[in-house]
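Chain residues, written in single-letter form:
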Amino acid sequence: MAALRLLMSAFVFVCAVDAAFAQDKIKIGWVGPLSPPGGYSAGQVMKWATQFAVDEENKAGGVLGKQIEIVYEDTKGTPDQGTAAMERLVNNEHVVAVVGEFHSSVALAEIAVAHKYGIPWVGTDVWADPITAKQYTEVFRVSPANSLIYTIVGNWVVEAGFKNVAILQEATDYGVGAVQVLKGVLDKKGIQSNVITVQMSQQDFTPELLRLMSAKPRPDLLMMIIAGEAVYPIIKQACEQGFAPSKATALYSGGGPSLEKELWETTGECAKYLISEDVALPAAQWNAVAKSFSADFEKQYHRPPTGTAMEAYDDLKIVAQAIRDAGSTNPAAIIQALEKIKFTGTRGEYSFSTEKSPAWAYHQFMKAPIMLIQYDKEGQSPDKAPIIYPREWATAKELYLKPVK
């Protein structure tokens, strides 16, 4: 009887998917944080960029003669919401593919559902290695993995000459995985590091900051490996206490919120001299696609697009192209097309690796760009901030611009 119920459930799902193929519109799902405790500022930018790409596709005639319809789901930065969103998208909305997500722990919940139903899922800005290391056929990623990003970040810490690093780590797959990679680099070079775990919903970080500030020796670099809005109160509180960014202690922020306009609206001058990573190419290397998208996006939303926005725009475009290449909205055909795709987006030419070693390389965009920037003016946008690393892209003479106070 249980086997019969399972068979009937599978039959109903297949029928629903077949019905979706016959619709006049192509439904694609979007997942991401649009409210707390998730990184809602980055999530909103991702949503804008995705819709921007959809509007472009539809104005140009759509895909396979059909208009694209995006179904948006707010995952709030929590895995349970991610699972529920995916179930709704697949079983109620009958989407043929899913794009988006900003939080790795949520992505890991979502891909379990994608794998269960055989629906292609292309992650926008999720970095934890296990997302692609699980090697699900359905899962692809346009952003870099933690092992790509934090090897580069660790090398910068070494080359910049920091000796005593304090790390505030969010208690998620992204935070824990990122710090594991980062500490691996620092430990090999004999650089001391102290890791403190914090919660994404936390608002008062004064006890942790005071403890670090009074440590002997005092950290010369404070790193926030946090993808949620918790970075804003940390920056504000560290600044008000005279801890960082300061002449004695540099301040580094990993994750997307430090790239958004809300950074300055929330922290003001405290974010001056903040260091962060951006997952875009330097503006000097932008292709025609990047230049056009940047100009149009800024005109419409009154802010330049971050690397996160570019990822979201490209993500939707890649899926649309895969549907064209497949000549079908059948999920299995879309997955096959994604494995073979060659697509030029805002961040260069995309393709997905089929290598299975290291495990995280499978269906990973291996050439995902990563650069480290440092704000040297209040209100500065990431594309105008000095690039400090890698040195072949650098626009600043120094590896680190030290505050005068």
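Note that the structure is a prediction, hence the values are computed from the model and not measured.

1. Comments concerning the packing of aromatic side chains
Each aromatic ring pair is summarised here by two numbers: the centre-to-centre distance and the angle between the ring planes.
Thinking step 1. As enumerated under the stated definition, the model contains 17 aromatic pairs in all.
Thinking step 2. Measuring from ring centre to ring centre gives 5.5 Å for phenylalanine 52 and phenylalanine 293, while their planes differ by 80 degrees; the resulting arrangement is edge-to-face. Here phenylalanine 52, found in helix α2 (residues 40-59), pairs with phenylalanine 293, found in helix α11 (residues 288-301); they are 241 residues apart in sequence, far enough to count as distant. We note that phenylalanine 52, like phenylalanine 293, is buried.
Thinking step 3. Aromatic pair phenylalanine 297 and tyrosine 301: ring centres 4.9 Å apart, planes at 50 degrees, arrangement tilted. You can see phenylalanine 297 and its partner tyrosine 301 sitting in helix α11, four residues apart, about one turn around the helix.
Thinking step 4. Its relative accessible area of 0% is what places phenylalanine 297 among the buried residues.
Thinking step 5. Cluster of aromatic residues (ring-pair linked, three or more members): Trp48, Phe52, Phe293, Phe297, Tyr301 and Tyr313.
Thinking step 6. Across from the ring centre of tyrosine 72, 4.8 Å away, lies the NZ or CZ of lysine 47, which sits over that ring.
Thinking step 7. A cation over an aromatic ring shows up here: lysine 356 above the ring of tyrosine 362, its NZ or CZ 5.2 Å from the ring centre.

2. Quick word on the sheet that holds strand β1 (residues 25-32)
Thinking step 1. One open sheet accounts for five strands, arranged β2-β1-β3-β4-β5; its pairing is parallel. Of all strands in the sheet, those with a lone pairing partner are β2 (67-74) and β5 (139-141), marking the two edges. With strand direction ignored, the average angle separating the axes of adjacent strands in the sheet is 25 degrees.
Thinking step 2. As judged from the three bridges shared by strand β4 (residues 121-123) and β5, these two strands associate in the parallel manner. Of the residues in β5, the one forming a bridge with glycine 123 is arginine 141.

Calculation notes
Per-chain numbering applies: the sequence of each chain, read as written, is numbered from 1 onward. Predicted model: local features are reported for residues with pLDDT of at least 70 only, side-chain atom pairs are reported and counted for 80 or more only, and whole-chain, interface and lining totals are derived from all residues. Side-chain numbers here rest on the full set of heavy atoms in the structure, without hydrogens or water. Classification of ring pairs uses Phe, Tyr and Trp, with its six-membered ring standing for Trp, and accepts pairs whose centres are within 6.5 Å; under 30 degrees between planes counts as stacked, over 60 as edge-to-face, and the remaining range as tilted. Here a strand is any run of E in DSSP of at least two residues, a helix any run of H or I of at least four, and the numbering for each starts at the N terminus. Relative accessible area decides the class of each residue, using a 1.4 Å probe on protein chains only: under 20% of the type maximum gives buried, over 50% gives exposed, and in between gives partly exposed. Working rule: Lys NZ or Arg CZ, within 6 Å of ring centre, within 35 degrees of ring normal, means a charge sits over the ring. Strand pairing requires that DSSP identify at least two bridges connecting the strands. Throughout, an axis means a line fitted to C-alpha atoms (over the contacting stretch in the case of helices), and angles, computed between N-to-C directions, take values from 0 to 180 degrees.

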